[in-house]
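Coordinates in review
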Amino acid sequence: MSQEFDQTLSTVTKKDIKTRGLIGNYRAVSALAVVGLLFSLFTPLMLLSNWFVLCPMIGVLCGLIGLYQVLSSPFDYTGRYFAVAGVILSLLLGLAAGGWSIWRYYFSIPEGYTVVHFLELRPDPETKQFSPRITKLAKDKEKIYIRGFMFPGRQMAGIKDFTLVRTVEHCKFCSPEQNPFDMIYIHMVGEMEVRYRRTAVHVGGILHLNEHFRYGEIPYLIEADCFR
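Heads up: these notes are all about the structure in this document. (Residues numbered from 1 in each chain as written. Predicted model: local features only at pLDDT ≥ 70, side-chain atom pairs only at ≥ 80, totals over all residues. Heavy atoms only, no water.)

1. Here's the deal with the pattern of salt bridges
Counted under the stated rule, the structure contains five salt bridges. Glu120 is the salt-bridge partner of Arg133, the closest N and O atoms lying 2.5 Å from each other. Here Arg133 is found in helix α6 (residues 132–139), whereas its partner Glu120 is found in the loop between β3 (114–115) and α6, with 13 residues between them in sequence. Overall, Arg133 belongs to the partly exposed group, its relative accessible area being 35%. (Salt bridge = Lys/Arg side-chain N within 4 Å of Asp/Glu carboxyl O. Helix = DSSP H or I, 4+ residues; strand = E, 2+ residues; numbered from the N terminus. Buried < 20%, exposed > 50% of the residue type's maximum accessible area, 1.4 Å probe, protein only.)

Right under this line is the structure:
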């Protein structure tokens, strides 16, 4: 028996030992780590559609689970670098794409709108005439884009009509003595409805001017189709 065992060992070469050692140490690449990396590469598509916001979330989740799988079973799985890369890329690309989308939505000027400031709405103190630029915009029915604050009312959601004012102080201390040129009546066109916000908002739409307004009335109206 001993002699047969010795003969068996004598037939094993160094090449066989290496080959068998490699086969014995084979580790599968974690599928979740690879999936996490792939989803991280699709993250920039968030700029094209909001549906792709799931990509960085899935990338981070799969990457973390894949990393845990590799670390908890190091003799069975490999792919730690895939998992780490997937998590890091998902976070970095997700934050970059999300930040760009937020900036583009809240701070960029929509195409086809003309920026107007509240101070431009005030008439000339001497002639009492409206600004020629504002008059032309209203006459040509061009879309304007203006920043202001929503005057608080009883309704907090599903708002179709509200008053836009120049400053927060105007909201707090509104009275008949307030300058009517610091107010704009906003009507949301179509099926658009908005929620009340305490922070500044941006409204865009067609400006209408009432040159024959009476005391206590608001001389401006915007048929709004943009609210940010």
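2. Digging into the packing of aromatic side chains
Applying the stated criterion across every chain, the model contains five aromatic pairs. A connected cluster of aromatic rings, assembled from ring pairs, spans Phe130, Phe181 and Tyr220. When the ring centre of Tyr81 is taken as origin, the NZ or CZ atom of Arg80, which lies over that ring, is 5.2 Å away. (Phe/Tyr/Trp six-rings, centres within 6.5 Å; stacked < 30°, edge-to-face > 60°. Lys NZ or Arg CZ within 6 Å of the ring centre and 35° of its normal.)

3. Examining the pairing of strand β6 (residues 183–188)
Two strands pair when backbone bridges link them, and strand β5 (residues 161–165) and β6 are joined in this way by five bridges, in the antiparallel orientation. In the sheet register, Val165 faces β6, and the bridge partner there is Met183. Here four bridges tie β6 to strand β8 (residues 220–227), and the two strands are oriented parallel to one another. Note that in β8 the partner of Tyr185 across the bridge is Leu221. (Pairing = 2+ DSSP bridges.)

4. Let's talk about a nonpolar patch on the surface
Taken together, the side chains of Val29, Val34, Leu38, Leu41, Phe42 and Phe82 present a nonpolar region at the surface, about 530 Å² in accessible area. Top contributing element to the nonpolar patch by residue count: helix α3 (residues 31–41), with three residues. Position of Phe82 relative to the elements: it lies in helix α5 (residues 80–106). We classify Phe82 as partly exposed; its relative accessible area is 40%. (Patch = residues over 30% accessible without salt bridge, like charges linked within 9 Å, V, L, I, M, F, W, Y side chains within 5 Å. Areas by Shrake-Rupley, 256 points an atom, 1.4 Å probe, with all protein chains shown as cover.)

5. A few points about the pairing of β8
Of the pairings in the sheet, the one linking strand β7 (residues 201–209) to β8 comprises seven bridges and is antiparallel in character. Each bridged residue has a counterpart across the sheet, and for Leu209 the counterpart in β8 is Tyr220.

6. Digging into the nonpolar core
Across soluble globular proteins, you tend to see nonpolar side chains buried next to one another. Membership of the largest hydrophobic core comes to 26 residues, with the highest contact counts inside it found for Phe162, Leu164, Ile184, Ile186, Val203 and Ile222. Among the elements of the structure, α6, β4 (143–150), β5, β6, β7 and β8 are those that each provide at least two residues to this core. A total of four residues in this core trace back to one element, the largest contributor, which is β8. When neighbours within four sequence positions are excluded, Phe162 is seen to be in contact with Met150, Ile184, Tyr185, Ile186, Met188, Val194, Val203 and Phe227. (Core = buried A, V, L, I, M, F, W, Y, C linked by side-chain atoms within 4.5 Å. Contact = heavy atoms within 4.5 Å.)

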